[in-house]
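# Topology and contacts: notes
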Amino acid sequence: MGAAMRRIHVGNALSAFGLGFTVPYLYVYVAQVRGLGAMTAGLVLAVFAVAALIVLPFAGRAIVRRGPLPVLLTALVTAALGALSLGISSSAVAVLVSASLLGAGQAVMQPALATMIVDCSSADTRSRAFAMQFFLQNLGLGVGGLIGGHLVDTSSAASFTLLFAIEAAMFLLLVVVMATVRMPHAPRMDAPVSSGRGSWKQLLGNRAMVQLCVLGFVLFFACYGQFESGLSAYGVEAAGISTSALGTALAANTLVIVVAQFAVLRFVERRRRSRVIAAVGLIWAVAWVVAGYAGLGHGSQEMATAAFVSTYALFGLGEAMLSPTVAPLVADLAPEGMAGQYNSAFALVKQLALAVGPAVGGPLGASLHAPYIVAFLVFSLGITFLAVRLGRQLTEAQDQPWRAKSRVVARGGAPVSADV
């Protein structure tokens, strides 16, 4: 791991640590601490998604033309301003404006950091680099949320101002760290090719990338889009899960990712990427069956709680399998110099799924318990189907990069042992 990659991973950890301070408490801060009501709090959460959807199409073009580092630094400063102003805002308008700045900055960070990882890694090291990124993101979010929970006081607006100030400080510290990164030379598309319609038309003409985006939408819709909306509502209403047990479930998800990430990496990095994603669909199907037992199985409360916690743990196992698989695949599908555009497009798909998922899953999980489980069981099996179908569109280098490399070495006349 080179110096540039080390700084990028430090950046991922710092940004996740800062977000962990505020994300779990944003609704409570707006609705209760500032007294702006549930409606305004809901609008703030919607503004995050809308801001991301607006800026991401332009972010991809900027990354291609300017490089990921200047775009990342701009996003960090924007997010820091948004976090700081959110901590001192007391009116609905000020809160919404601040949230739009913070949401836009956060959204652009993702494809910029992903493109930096692509530029600083090779096909051999990319899966491990993205696995490390995911590991540090979850660790940072967990530690930040834990510390933030001990600092926050719902009776004191000043305690929340401190949280948002810490978040802004993390973003500004990250500016200092990333400003020292020396990026390797990476090819950039010139302006006429990468401008507007041309780059998007080229991306939409890539059938494998389009299929991966459809698959990505279902992945994020059926998992991340349900964590804090439909699945938690289902657990409380159908399974009688307490708030403390819900917190334990979320902690189990993070713990599985942190503990299993690199053990899982050893397993998946020499498997077909499409088959790994298909296996995740099956694991998540089992998770939804276990969730169905928790709420509909009529067992004891202890068994229901254990099943619900196991559901989140199974989701964590699938996430650990996806982290070294999907992001490197997006990079390998991108033509030379277009990684920023492809990363931004995939981030846009993710944001769409995260916006639609809670809107659909929340009401369904809270009131129609059996249809909710059946629907998302079908979505999980759909992931397996879409992944197998995607595999037919991928080249060997895209689906099995390790095997393609070994064949290239053999054809190049590498020395062969006498024992072979």
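The shown structure was predicted, so the numbers you read here are calculated from the model rather than taken from an experiment.

Right, let's get into the overall build of the protein. Broken down by element type, the protein carries 20 helices and zero strands. The C-alpha atoms of the protein give a radius of gyration of 22 Å, which matches the 22 Å a tight globule of 420 residues would have. Its C-alpha atoms give the protein principal-axis dimensions of about 70 × 50 × 40 Å. Taken over 420 residues, the protein has a buried fraction of 50%. Look at the contacts in the protein between residues 6 or more apart in sequence, and 85% of them connect residues 24 or more apart. On the protein, roughly 18100 Å² of surface is accessible, and the fraction owed to carbon and sulfur atoms is 66%. Charged side chains of the protein number 26 positive and 15 negative; the gap between the two group centres comes to 10 Å.

Once that is clear, we can look at the pattern of salt bridges. According to the stated counting rule, one finds two salt bridges in the structure shown. Here R272 and D399 are joined by a salt bridge, their closest N and O atoms 3.4 Å apart. Taken together, the positions of R272 in the loop between helix 13 (243-268) and helix 14 (273-296) and D399 in helix 19 (residues 396-399) put the pair 127 residues apart, joining distant regions of the chain. The exposure class assigned to D399 is buried, which follows from its relative accessible area of 2%. The partner of R273 in a salt bridge is D332, with the nearest N and O atoms 2.7 Å apart. Note that R273 is positioned in helix 14 and D332 in helix 16 (residues 326-333), a separation of 59 residues in sequence.

By the secondary structure assignment, S122 is in the loop between helix 5 (92-119) and helix 6 (126-151). Taking the relative accessible area as the measure of exposure, S122 reaches 33% and is therefore partly exposed. Distance in space between the C-alpha atoms of S122 and F227 is 33 Å, their sequence separation being 105 residues.

The next subject is the packing of helix 10 (residues 207-222) against helix 18 (residues 369-391). Put simply, helix 10 and helix 18 touch, their axes get as near as 10 Å, and they point 160° apart. Regarding the angle of helix 10 to helix 18, the classification is roughly antiparallel. Here helix 10 runs over helix 18; the crossing is left-handed. Two secondary-structure elements touch here, helix 10 through A208, Q211, L212, V214, L215, V218, L219, F221 and A222 and helix 18 through F376, F379, I383, L386, A387, R389 and L390. For the contact of helix 10 with helix 18, the per-class residue count stands at 14 nonpolar, one polar and one charged.

The next subject is the layout of surface pockets. There is about 280 Å³ of room inside the second largest pocket. For the second largest pocket, the lining is made up of 14 residues, of which A123, D124, S127, E269 and W402 are closest to its centre. For the lining of the second largest pocket, the element with the most residues is helix 20 (residues 401-411), which contributes three residues. Across the lining of the second largest pocket, the residue classes tally to five nonpolar, two polar and seven charged.

This next bit is on the packing of helix 14 against helix 18. Between helix 14 and helix 18, the least distance of the axes is 7 Å, while the angle of their chain directions is 170°. The pairing of helix 14 with helix 18 is recorded here as roughly antiparallel in orientation. Residues of the contact of helix 14 with helix 18, tallied by class, amount to 18 nonpolar, seven polar and no charged.

Moving on, we get to the state of the cysteines. Under the definition given, this model contains zero disulfides. The closest cysteine sulfur to the non-disulfide-bonded C213 is located on C223, 18 Å from its own sulfur. On the basis of relative accessibility, which here comes to 12%, the residue C213 falls in the buried class.

Moving on, we get to the packing of aromatic side chains. For the coordinates displayed, the defined rule picks out 15 aromatic pairs. Relative to F376, the ring of Y372 has its centre 4.9 Å away and its plane inclined at 55°; by these criteria the two rings are tilted. Of this pair, Y372 and F376 both sit in helix 18, four residues apart, which is roughly one turn of the helix. An identical accessibility class is assigned to Y372 and F376; each is buried. Ring centres 5.4 Å apart and planes at 50° place the aromatic pair F376 and F379 in the tilted group. With F376 and F379 both in helix 18, this residue pair falls three residues apart, about one helical turn. Its relative accessible area of 33% is what places F379 among the partly exposed residues. In textbook terms, an aromatic cluster arises when at least three aromatic residues are bridged by ring pairs, as seen for F217, F221, Y234, W284, W288, F315, Y372, F376 and F379.

The subject of this paragraph is the confidence of the model for the protein. In this model, the protein carries a mean pLDDT of 81, and residues with pLDDT of at least 70 account for 91%. Within the protein, the element-level pLDDT minimum falls on helix 8 (residues 191-194), averaging 44, and the maximum on helix 18, averaging 92. For residues 187-194, every residue scores under 50 in pLDDT, and the model assigns this stretch 19 contacts once sequence neighbours within four places are set aside. Of the regions scoring below 50 in pLDDT, residues 407-420 engages in two contacts with residues more than four places distant in sequence or in other chains.

Turning to the nonpolar core, a few remarks are in order. One finds M209, L212, L215, L231, W284 and F308 to be the most contacted residues of the largest nonpolar core, which totals 65 residues. Counting residues per element, the ones that place at least two in this core are helix 10, helix 12 (230-237), helix 13, helix 14, helix 15 (301-322), helix 16, helix 17 (339-367) and helix 18. Aside from chain neighbours lying at most four places away, what touches W284 is L219, C223, L314, F315, G318, E319, L322, S380 and I383. Counting 53 residues, the second-largest nonpolar core is a separate cluster that includes Y25, L76, I117 and A331.

Reading the values: the criteria
Residues numbered from 1 in each chain as written. Predicted model: local features only at pLDDT ≥ 70, side-chain atom pairs only at ≥ 80, totals over all residues. Heavy atoms only, no water. Helix = DSSP H or I, 4+ residues; strand = E, 2+ residues; numbered from the N terminus. Rg over C-alpha atoms; globule rule 2.2 N^0.38 Å. Buried < 20%, exposed > 50% of the residue type's maximum accessible area, 1.4 Å probe, protein only. Contact = heavy atoms within 4.5 Å. Areas by Shrake-Rupley, 256 points an atom, 1.4 Å probe, with all protein chains shown as cover. Lys, Arg positive; Asp, Glu negative; His and termini not counted. Charge placed at Lys NZ, Arg CZ, Asp CG, Glu CD. Salt bridge = Lys/Arg side-chain N within 4 Å of Asp/Glu carboxyl O. Axes fitted to C-alpha atoms, helices over the stretch in contact; angles between N-to-C directions. Parallel < 35°, antiparallel > 145°, perpendicular 65-115°, else oblique. Left-handed = near helix turned anticlockwise from the far one by under 90°. Nonpolar A, V, L, I, M, F, W, Y, C, P; charged D, E, K, R; others polar. 1 Å grid on protein atoms, 1.4 Å probe; cavity = no way out; pocket = protein on both sides within 12 Å on 5 of 7 lines; lining within 4 Å. Points joined across faces, edges and corners; volume = space filled by probe spheres on them. Disulfide = S-S within 2.5 Å. Phe/Tyr/Trp six-rings, centres within 6.5 Å; stacked < 30°, edge-to-face > 60°. pLDDT = per-residue confidence, 0-100. Core = buried A, V, L, I, M, F, W, Y, C linked by side-chain atoms within 4.5 Å.

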